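Below, each chain spelled out in residue letters.
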Amino acid sequence: MAEGESDRGGFVQLPADCITLCAESLGITHLAQDVVPALAEDVNYRVREATQNAIQFMRHAKRRKLMTDDFDKALYWSNVEVRRGLTGYICQLQAHKVVFHKA
């Protein structure tokens, strides 16, 4: 890799500590330590898959802005319960940055 060039091929990964904190916030206090890495790997895979599907919906709509409706559709077609959170926000992909705007 050339000097000053960033690694663009990597994925964002949630650390195992994040999985432990989420479990504790849900009331699961005795999570075995050998289960945490397996859960983290599964969560990372599912987030990546949902993101890729949402981007496909954005591209099929011939848009350059990733919207929450794209994620809702991606989760719906994956048979995952849709959670409402950032409804009304637009997520715009700009040169490896994610920028949120109020719609």
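Residues numbered from 1 in each chain as written. Predicted model: local features only at pLDDT ≥ 70, side-chain atom pairs only at ≥ 80, totals over all residues. Heavy atoms only, no water.

## Some words on the layout of surface pockets
Stage number 1. Taken as a whole, the second largest pocket encloses approximately 160 Å³ of empty space.
Stage number 2. Lining the second largest pocket, in full, are Leu14, Ile19, Cys22, Ala23, Leu26, Ile28, Leu31, Leu39 and Val43.
Stage number 3. Looking at the lining of the second largest pocket, the elements with two or more residues in it are α1 (16-25) and α2 (36-60).
Stage number 4. Counting residues per element, the lining of the second largest pocket draws most heavily on α1, at three residues.
Stage number 5. Split into classes, the residues belonging to the lining of the second largest pocket amount to nine nonpolar, no polar and no charged. (1 Å grid on protein atoms, 1.4 Å probe; cavity = no way out; pocket = protein on both sides within 12 Å on 5 of 7 lines; lining within 4 Å. Points joined across faces, edges and corners; volume = space filled by probe spheres on them. Helix = DSSP H or I, 4+ residues; strand = E, 2+ residues; numbered from the N terminus. Nonpolar A, V, L, I, M, F, W, Y, C, P; charged D, E, K, R; others polar.)

## Section: the nonpolar core
Stage number 1. Counting residues in each nonpolar core, the largest one holds five residues, listed as Ala54, Ile55, Met58, Leu66 and Ala74.
Stage number 2. Ranked by residue count, the leading element in this core is α2, at three residues. (Core = buried A, V, L, I, M, F, W, Y, C linked by side-chain atoms within 4.5 Å. Buried < 20%, exposed > 50% of the residue type's maximum accessible area, 1.4 Å probe, protein only.)

## A short note on the pattern of salt bridges
Stage number 1. Summed over all chains, the structure comprises two salt bridges.
Stage number 2. Among the ionic pairs, Arg46 bridges to Asp42, the shortest N-O distance being 3.0 Å. Remark: Asp42 and Arg46 occur in helix α2; sequence separation between them is four residues, near one turn of the helix.
Stage number 3. Exposure remark for Arg46: the relative accessible area of 51% places this residue in the exposed category.
Stage number 4. The exposure class of Asp42 is partly exposed, given its relative accessible area of 32%.
Stage number 5. The salt bridge partner of Arg63 is Asp70, with a shortest N-O separation of 2.7 Å. (Salt bridge = Lys/Arg side-chain N within 4 Å of Asp/Glu carboxyl O.)

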